[in-house]
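# Descriptive structure summary
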Amino acid sequence: MTERRIVVGGEGSGYARAALIWAIEEAHHRSAVVDVVTCYSPTYVPAAPDLGYVPLDSLDLLAEVEKMQGDVIESAVEATNHPDVEIRRVVKKGRAADTLMTAAEGADMLVVGNRGRGGFAGLRLGSVSQSIAHHSPCPLVIVRTG
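The sections below set out a description of the structure shown in this document. For every chain, the first residue of the written sequence is number 1, and numbering continues from 1 along that sequence. It should be noted that, the model being predicted, local features are given only for residues of pLDDT at least 70 and side-chain atom pairs only at 80 or more, the latter also being counted only at that level, while totals for whole chains, interfaces and linings use all residues. By convention in this description, side-chain values take in all heavy atoms of the structure and omit both hydrogens and water.

### Quick notes on the nonpolar core
Buried Ala, Val, Leu, Ile, Met, Phe, Trp, Tyr and Cys residues that are joined via side-chain atoms within 4.5 Å together make up what is termed a nonpolar core. The cut-offs for exposure are 20% and 50% of the maximum accessible area for each residue type, with area from a 1.4 Å probe on protein chains only; residues under the lower value are buried, those over the upper are exposed, and the others partly exposed. One finds Ile-6, Val-8, Leu-20, Ala-27, Val-34 and Val-111 to be the most contacted residues of the largest nonpolar core, which totals 23 residues. Secondary structure counts use DSSP, requiring at least four H or I residues in a row for a helix and at least two E residues in a row for a strand, with both numbered from the N terminus. Where this core is concerned, the elements lending two or more residues are strand E1 (5-9), helix H1 (14-30), strand E2 (33-40), helix H2 (61-79) and strand E6 (109-113). With seven residues, H1 is the largest single contributor of residues to this core. Apart from the residues lying within four places of it in its own chain, the contact partners of Val-111 are Ile-6, Val-7, Val-8, Gly-9, Ala-19, Trp-22, Ala-23, Val-141 and Val-143. If you look at the next biggest cluster of nonpolar residues, it comprises twelve residues, including Val-37, Cys-39, Leu-110 and Cys-138. Residues count as neighbours in contact if any of their non-hydrogen atoms are within 4.5 Å of one another.

Given below as structure tokens:
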């Protein structure tokens, strides 16, 4: 039997937490695993004309991203009552929409929050969820909050 898999975008916002809670509930009913995918992009700034660009972020950006992902997962798991659901952590460097769609290839479902960390309060969809809505490689659920 092939593994059932739900991919969830988790960038640390309350929207991502709501999406993860929804995905855990769904995974419980489908006997699926949940892959929480968190994407990050280092920030580079010009150093000097002859040196090119240097990273602006903290020296341990990956550790900070992993900690933030762990906090969201822990909070979502506490909000559900399904310790039987296997949750796998994936942290990838890259653009969120592209990385999530690649991770979702072959998955049963891709789940994201309707907005992320950035953007404007009046928007119904963030840029990532909007991009994924047009190009998702599998069924997509956009969990709306607020």
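Following the structure, the description resumes.
### Focus on the pairing of E6
Extensive coverage of E6 is indicated by the burial of five of its five residues. Think of it this way: DSSP has to see at least two bridges between two strands before they count as a pair. Pairing of E6 with strand E7 (residues 140-143), which is carried by four bridges, proceeds in the parallel orientation. Looking at E7, one finds that Val-112 is bridged to Ile-142.

### Concerning the pattern of salt bridges
What makes a salt bridge here is a side-chain nitrogen of Lys or Arg within 4 Å of a carboxyl oxygen of Asp or Glu, nothing more. Using the criterion set out here, one finds six salt bridges in the structure. Arg-88 is paired through a salt bridge with Glu-3; the nearest N and O atoms lie 3.2 Å apart. You can see Arg-88 sitting in strand E5 (residues 87-93) and its partner Glu-3 sitting in the segment before E1, a full 85 residues away along the chain. Classification of Arg-88 as partly exposed rests on a relative accessible area of 26%.

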